[in-house]
Amino acid sequence: MKTKRQCPPPPLSDFAPFDLLDPPTLERVSASVRPIHAARGELLVQRDDRPRGVHLVVDGDVKCFVLSPSGSEKIIRIATSGAFFGEDAALLDRPHVVNAQAMRACELLLVPTAALRGAMDASHRFCTAMGLRLAAASHDLMSTLQLQLQLSSTQRVAHYLTRLAPEDAEHWEIHLETDKQTIAAQLNLTPETLSRVLAHFVREGLIRPRGRRGMVLNKLSQLRTCAAH
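Residues numbered from 1 in each chain as written. Predicted model: local features only at pLDDT ≥ 70, side-chain atom pairs only at ≥ 80, totals over all residues. Heavy atoms only, no water.

For the protein chain, the name recorded in an unreviewed UniProt entry is Transcriptional regulator, with Thauera aromatica K172 as its organism.

1. Focus on helix 4 (residues 124-150)
The condition is simple: Each helix is a run of H or I in the DSSP string that is no shorter than four residues. Each strand is a run of E no shorter than two, and both are numbered from the N terminus. One less than the number of residues in a helix, times 1.5 Å, gives the span that helix is expected to have. The buried label applies to any residue whose accessible area, calculated with a 1.4 Å probe on protein chains only, is under 20% of its type's maximum; exposed applies above 50%, and partly exposed to all values in between. Working rule for contacts: check all heavy atoms of both residues, and any pair within 4.5 Å makes them a contact.
Here helix 4 contains 27 residues, and its C-alpha end-to-end distance of 39 Å stays within 8% of the 39 Å for a straight helix at 1.5 Å per residue. Buried within helix 4 we find F126, A129, M130, L147 and Q148. Elements in contact with the buried residues of helix 4: strand 6 (84-85), helix 2 (87-92), helix 3 (113-122), helix 5 (153-162) and helix 6 (180-186).

2. Brief notes about the packing of aromatic side chains
Our working definition: Paired rings are identified among Phe, Tyr and Trp, the last through its six-membered ring, by centres lying within 6.5 Å, and are further divided according to the angle between planes into stacked (under 30 degrees), edge-to-face (over 60) and tilted (the rest).
Scanning all chains against the criterion turns up two aromatic pairs. Between F18 and F126, the aromatic rings sit 5.3 Å apart at their centres with planes inclined by 45°, giving tilted as the arrangement. Residue F18 is located in the segment before helix 1 (23-32), and its partner F126 is located in helix 4; the two are separated by 108 residues in the primary sequence. Three or more aromatic residues joined by ring pairs make a cluster, and in this case those are F18, F84 and F126.

3. Details of the nonpolar core
To be explicit about the condition: Throughout this description, the term nonpolar core refers to a set of buried Ala, Val, Leu, Ile, Met, Phe, Trp, Tyr and Cys residues connected via side-chain atoms within 4.5 Å.
The biggest cluster of nonpolar side chains holds 25 residues, and the ones touching the most others in it are V157, L161, F201, I207, M215, L217 and L223. Secondary structure elements with two or more residues in this core: helix 5, helix 6, helix 7 (191-203), strand 11 (214-217) and helix 8 (220-228). Every residue in contact with L161, bar those within four places of it in the chain, is listed here: I174, L198, F201, I207, M215 and L217. Of all hydrophobic cores here, the second largest spans 20 residues; its members include V58, F84, L116 and A119.

4. A few points about the pattern of salt bridges
Formally: Whenever Lys or Arg places a side-chain nitrogen within 4 Å of a carboxyl oxygen from Asp or Glu, that contact is recorded as a salt bridge.
Applying the stated criterion across every chain yields a total of four salt bridges. Of the charged contacts in the structure, one is a salt bridge between E173 and R210, with a shortest N-O distance of 3.0 Å. Placement of the pair is E173 in strand 9 (residues 172-175) and R210 in strand 10 (residues 207-210), with a sequence separation of 37 residues. Taking the relative accessible area as the measure of exposure, E173 reaches 46% and is therefore partly exposed.

5. Regarding the environment of E27
Its location among the elements puts E27 in helix 1. The exposure class of E27 is exposed, given its relative accessible area of 58%. Separated by 15 residues in the primary sequence, E27 and L12 have C-alpha atoms spaced 9.1 Å apart.

6. Some points on the environment of S30
Looking at where S30 falls in the secondary structure, it is placed in helix 1. Note: C-alpha distance between S30 and T182 (152 residues apart in sequence) is 34 Å.

7. Description of the sheet that holds strand 7 (residues 99-102)
We apply this condition: When DSSP finds two or more bridges between a pair of strands, those strands are recorded as paired. Each axis is a line fitted through C-alpha atoms, and for a helix only the stretch in contact is used; angles between axes span 0 to 180 degrees, taken between their N-to-C directions.
The strand order across the open sheet built from four strands is 2-7-4-5, with neighbouring strands paired in antiparallel fashion. One side of each edge strand has no neighbouring strand; the edge strands of this open sheet are strand 2 (43-45) and strand 5 (73-79). Shown here is a sheet whose adjacent strand axes are inclined to one another by a mean of 35°, direction ignored. Here strand 4 (residues 62-67) runs beside strand 7; their pairing, made up of four bridges, is antiparallel. Residue pairing for strand 7: C64 is matched across the bridge by A100.

What follows is the structure, encoded as structure tokens:
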């Protein structure tokens, strides 16, 4: 069951692109916003639900996913603090095509569809920024599909790891924010396959585990080559 926050939520102007709105428009939108607290594992959106608006993640992580016929999860994206989800369904007024579930306790703001559209009508800059966000989300989705359909399991894992380090780094320490099961679902792999690929990278000296979710990427240039071929 979703309940309101016990403390006041941060102002909407703290989050892009709402910071582009002029004070009167921002005040109108803010007056309609509903704060939401979601417990870990709580479903915020279910496939085929009618959209109520856009969910803005204030704090926490929300996974957007679909279920395969066998019941396994296929993660489309993970919305972290400052991101929002459901804008496609809200703006098109069509049912959601993915599920959204809190990966841990989350604080969110629900911006009703009417308020979002009103803000887009009132501000050209805000409307443009929303359009760019939708385009970026579409591009990321196409990139994810390409990754899953065209690359081998080894290439997918190498690509995932290299994106966690600066492009010019050769040696970098990382901390995985999610568990291996979630990462495997993001890459459209089984957890067993992910573990095998990581073990192979350890044997080759490309990575070195450090703690529960820590990892040292030892030879990033080789990992980048592996991701590309």
